[in-house]
Amino acid sequence: MSPDKQDRTEHTAPPRMGRLAAAAVFATTLEWFDFLIYATAAALVLGHQFFPSASPVAGTLASFATFAVGFVARPLGGIIAGHVGDRFGRKPPLVVAMLVMGLATTAIGVLPGYATIGVWAPILLVVARLVQGLGVGAQWGGAALLLTEHAPVERRGFYGSLVQTGAIFGAVAGNIFFLVLTAALTPEQFDAWGWRVPFLSGLLLVLIGIYVQLKIEDTPVFRELQHRSAESKREAGLRKAPLLEAIRRYWREILQAAGAFFVVNATFYILISGMLDYATKTVGMSRTSILWCVMAAGLTQVVTMPFFGALTDRMGTRKKLYLTGTVLMALFAFPMFWMVNTGSVPLVFLALLIGFTIHATMYGPQATLYAEMFPADVRYSGASLGYQFASVFAGGLAPFVMTALLAATGSSWSVSLYIVAGAAVTFVAVATIKERFRRDLYETSDAPVPAHAS
């Protein structure tokens, strides 16, 4: 055994992957539940609660614009967390992110509407949404690296995909909440106070944050970085400015990571949020029917994302499956809306099911692909920057762009072209990535790993 390998054995404990996976998925689910219930509320109720003087279309646009504000803050959250995560550990920014998100979400749940406090209502809503954005921007990198840096190398794709299921668990849980509330309450009760109930669950994240802080160890990769820095300055360890190092030396990889997320993020928010507004207001479906379709189709990703993540472990590549999903998403962009436009519940469900399945071919292996793109000492910074910057221009703007395109053209073909354009950006970005399949995650930027032939 080489000294380096022996050193790892002595200074890293075998990960308890079951407990780690459960904690990471549960934390990510609650984080995304808190972040995404805003998307559902924006489509259903926030327009007339906080922007009552606007027309129905303008009110929806205003609420979706506020939805997008949360994405504007995500890169800042990613920047801060990336620096802290590479400098002081993967766990601290994850814990802080959960606390911040929990408190901001609860604040939205108790925020008075426009009728009570006037213009301060939308102002405070924007502030709370910005804080949510900071929290979710900081969270993803910590949760993704908590699993990928603990996982056995031969199952890295599978465990990395589990982090991604948190987003769909959160979205589905949010839809279930709203589905139950709309069924149990009258429209007047729902508008008056029912929509607030899901936001009060933000307090649960505070408890989960405390649990992670007390019970979960930081990753063996980071602990070895600490050990190297303490033991010998000759070996690469912790960097004083990991964010600057990531931008200086890995700006191409950051841009590639951002481009790779473009169509993935845009179609996700079109599927879970934009479709709610489109199906109810344009197609004429009932709120309950479209919520059921989105919830049931989206829930299948709990199976498909781990499946595709594990499939990349067996294929020997993440990149090829990702590119396949990008092409399929572009090809399905028009048929998906043709099926939704029928208003037939079975066809709408099938359209969403196919859309979510194609989406899973990319989103499932994404966390692992990102982890393998960057060396250990700048991994949190690099992966977070790529992921969060794309979220501003893709995910955050997607429902807004969709609503604006529909209002301008009066037809869904414009949204389909928007998806095709996003797929083109993603295809170019992923095609130019030099894949490092099963990269040694302990390697630092001073000891690069040769690119895997792809």
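Conventions adopted
- Counting from 1, residues in each chain are numbered in the order their sequence is written.
- The predicted nature of this model means local features are confined to residues of pLDDT at least 70 and side-chain atom pairs, given and counted, to a pLDDT of 80 or more, with totals for whole chains, interfaces and linings taken over all residues.
- The side-chain values count all of the structure's non-hydrogen atoms but skip hydrogen atoms and water molecules.
- Each helix is a run of DSSP H or I of at least 4 residues and each strand a run of E of at least 2, with the numbering of both proceeding from the N terminus.
- Using a 1.4 Å probe on the protein chains alone, a residue whose accessible area is under 20% of its type maximum counts as buried, one over 50% counts as exposed, and one in between counts as partly exposed.
- Candidate patch residues must exceed 30% relative accessible area and have no salt bridge, after which like charges are joined if within 9 Å and Val, Leu, Ile, Met, Phe, Trp or Tyr side chains if within 5 Å.
- Per-residue and other accessible areas were derived by the Shrake-Rupley procedure at a 1.4 Å probe size, with only the shown protein chains allowed to occlude residues.
- A pairing counts as a salt bridge when a side-chain nitrogen of Lys or Arg comes within 4 Å of a carboxyl oxygen of Asp or Glu.
- What a helix is expected to span follows from its residue count: subtract one and scale by 1.5 Å.
- Only buried residues count toward a nonpolar core. Its members are Ala, Val, Leu, Ile, Met, Phe, Trp, Tyr and Cys residues joined through side-chain atoms within 4.5 Å.
- What the arc covers is the set of directions going from the helix axis to the C-beta atoms.
- Only centres within 6.5 Å qualify two rings of Phe, Tyr or Trp (six-membered ring in Trp) as a pair; their planes then separate them into stacked at under 30 degrees, edge-to-face at over 60, and tilted for everything else.
- By the convention used here, residues are in contact when the closest approach between their heavy atoms is within 4.5 Å.

Asks: Could you give an account of the overall build of the chain, naming the residues involved and the relevant values?
Replies: Of regular secondary structure, the chain possesses 20 helices and zero strands. Counting every position in the chain, which comprises 454 residues, the buried fraction comes to 61%.

Asks: Please provide a residue-by-residue account of a nonpolar patch on the surface, values included.
Replies: A cluster of nonpolar side chains, namely Tyr 114, Val 119, Trp 120, Ile 123, Leu 124 and Val 127, defines an oily patch on the protein surface of about 550 Å² accessible area. Looking at the nonpolar patch, the element that brings in the most residues is helix α7 (residues 120-148), giving four residues. Note on placement: Val 119 falls in the loop between α6 (114-117) and α7.

Asks: So what's going on with the pattern of salt bridges? Residues and values would help.
Replies: Applying the stated criterion across every chain yields a total of nine salt bridges. Between Glu 245 and Arg 248 there is a salt bridge, and its shortest N-O distance comes to 3.2 Å. Of this pair, Glu 245 and Arg 248 are both found in helix α12 (residues 242-260), three residues apart, which corresponds to roughly one turn of the helix. Two residues, Arg 318 and Glu 372, come together in a salt bridge whose shortest N-O distance is 2.9 Å.

Asks: Just give me the short version of helix α20 (residues 413-431), but keep the residues and values in it.
Replies: Look at α20: 27 Å from first C-alpha to last across 19 residues, which is about the 27 Å you get at 1.5 Å a residue. The set of residues buried in α20 consists of Ser 414, Val 415, Ser 416, Tyr 418, Ile 419, Gly 422, Ala 423, Thr 426, Ala 429 and Val 430.

Asks: Explain the nonpolar core to me, and be specific about the residues and the numbers.
Replies: If you look at the biggest cluster of nonpolar residues, it comprises 105 residues, and the most contacted ones within it are Tyr 269, Ile 290, Phe 337, Leu 352 and Tyr 370. Per element, the largest residue contribution to this core is 13 residues, and it comes from helix α13 (residues 262-283). Of all hydrophobic cores here, the second largest spans 19 residues; its members include Ile 108, Ala 128, Leu 181 and Phe 190.

Asks: Tell me about unusual backbone geometry, residues and numbers included.
Replies: The phi dihedral of Arg 438 falls on the positive side, at around 55°, and the residue is not glycine. As for its placement among the helices and strands, Arg 438 is situated in the segment after α20.

Asks: So what's going on with helix α19 (residues 398-409)? Which residues, and what values?
Replies: Owing to its 3.6 residues per turn, the α-helix aligns residues three or four sequence positions apart on the same side. Its 12 residues place the ends of α19 16 Å apart at the C-alpha level, agreeing with the 16 Å of an ideal helix rising 1.5 Å per residue. Considered for burial, the residues of α19 that qualify are Ala 398, Pro 399, Met 402, Thr 403 and Leu 406. Buried residues of α19, seen end-on, are gathered within an arc of 135° and therefore sit on one face of the element. In α19, the exposed residues that point more than 90 degrees away from the buried face are Ala 407 and Ala 408. Gly 410 sits one or two positions beyond α19 and adopts a positive phi of about 70°.

Asks: Describe the packing of aromatic side chains, naming the residues involved and giving the relevant values.
Replies: Counting across every chain of the model gives 12 aromatic pairs. Here Trp 140 and Tyr 370 contribute two aromatic rings whose centre-to-centre distance is 5.8 Å and whose plane-to-plane angle is 80°, an arrangement assigned as edge-to-face. Taken together, the residues Trp 140 in helix α7 and Tyr 370 in helix α17 (residues 345-373) connect sequence positions 230 residues apart. Taking relative accessible area as the criterion, Tyr 370 reaches 0% and is therefore assigned buried. Ring geometry for Tyr 278 against Phe 337: centres 5.5 Å apart, planes inclined by 80°, an arrangement best described as edge-to-face.

Asks: Tell me about the side chain of Arg 74, and name the residues and values.
Replies: Tracing the backbone shows Arg 74 in helix α4 (residues 56-88). A relative accessible area of 0% means that Arg 74 is categorised as buried. Beyond its immediate chain neighbours, meaning those up to four positions away, Arg 74 contacts Trp 32, Phe 35, Gly 133, Val 136, Gly 137, Tyr 269, Tyr 387, Gln 388 and Ser 391.

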